[in-house]
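Geometric and topological summary
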Amino acid sequence: MSKSKHKLREERELRRLQEVEEEERRLNSPPDCCIFCSRPVVHDMNESLRRKMKWEKKFEEVAVCLQCHTQLHRLHKDRELARQLDSIEAVQADESFQRYLKWAAKLPPETIYN
């Protein structure tokens, strides 16, 4: 037995409404915060178009803001990041990055810089 056109239209409309609600929930959810500086994350490392380094692949599941990510690459070479700073704890213990975090804490949370 086939469903009536009315039933099919009703099911399609329900699916569309569910998708709209899901998208609305996603957009209204609070932003993830950077694990290092606690700023809202506006940079998604997973959506990067360029080739990811080994170090970046380790941090894919963690929220890291663009500022912290950029600063880590300014302070350390890729090899150093991959070999020595390969965990969250190692990055947080790094002296030069600690100085940066101390400076960044003085800025307003909505400040975005490059």
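Our subject is the structure that appears above.
Residue numbers restart at each chain and count upward from 1, following the sequence in its written direction. At least 70 in pLDDT is required for a residue's local features to be given in this predicted model, at least 80 for side-chain atom pairs to be given and counted, and no such filter applies to totals for whole chains, interfaces and linings, which use all residues. In computing side-chain values, all of the structure's heavy atoms are included and hydrogens and water are not.

1. Some words on the packing of helix α3 (residues 66-75) against helix α6 (residues 95-104)
- In contact at an axis separation of 10 Å, α3 and α6 are set at 140 degrees when each is read in the N-to-C sense. Of the possible angle classes, the one that applies to α3 and α6 is oblique. Judged by the twist between their axes, the crossing of α3 over α6 is right-handed. From α3, Gln67, Cys68, Gln71, Leu72 and Leu75 reach across to α6, where they touch Ser96, Phe97, Tyr100 and Leu101.
- Gly is placed with the polar residues, together with every amino acid not listed as nonpolar (Ala, Val, Leu, Ile, Met, Phe, Trp, Tyr, Cys and Pro) or charged (Asp, Glu, Lys and Arg). Of the residues belonging to the contact of α3 with α6, the class tally is 6 nonpolar, 3 polar and no charged. Lines fitted to C-alpha atoms define the axes, with helix axes restricted to the stretch in contact, and inter-axis angles between N-to-C directions lie between 0 and 180 degrees. For the purposes of this entry, the term helix denotes a DSSP run of H or I that reaches at least four residues, the term strand denotes a run of E that reaches at least two, and both are numbered from the N terminus. Angle categories are assigned with fixed cut-offs, so that under 35 degrees is roughly parallel, over 145 is roughly antiparallel, 65 to 115 is roughly perpendicular, and the rest are oblique. Left-handed describes a crossing whose near helix is turned anticlockwise from the far helix by less than a right angle; the clockwise case is right-handed. It only takes one pair of heavy atoms within 4.5 Å for two residues to be counted as in contact.

2. A closer look at the side chain of Gln71
- For Gln71, the position within the fold is in helix α3.
- Not counting residues up to four positions away in its chain, the partners in contact with Gln71 are Phe97 and Tyr100.

3. A short note on unusual backbone geometry
- Positive phi values are uncommon outside glycine, yet Ser38 reaches one of about 65 degrees.
- By secondary structure assignment, the location of Ser38 is in the loop between α1 (5-28) and α2 (54-58).
- Think of it in three bands: with a 1.4 Å probe and only protein chains considered, a residue is buried below 20% of the maximum accessible area for its type, exposed above 50%, and partly exposed in between. With relative accessibility at 53%, the residue Ser38 sits in the exposed group.

4. Considerations on α6
- For α6, the complete set of buried residues consists of Ser96, Phe97, Tyr100, Leu101 and Ala104. Around the axis of α6, the buried residues are gathered within 140 degrees of arc, so they sit on the same side. Seen from the buried face of α6, the exposed residues on the opposite side, beyond 90 degrees, are Glu95, Arg99 and Lys102.
- Packing partners of the buried residues in α6 comprise α3 and α5 (88-93). Relevant arc is that of directions from the helix axis to the C-beta atoms, nothing else.

Limitation: the analysis is restricted to geometry and does not speak to function.
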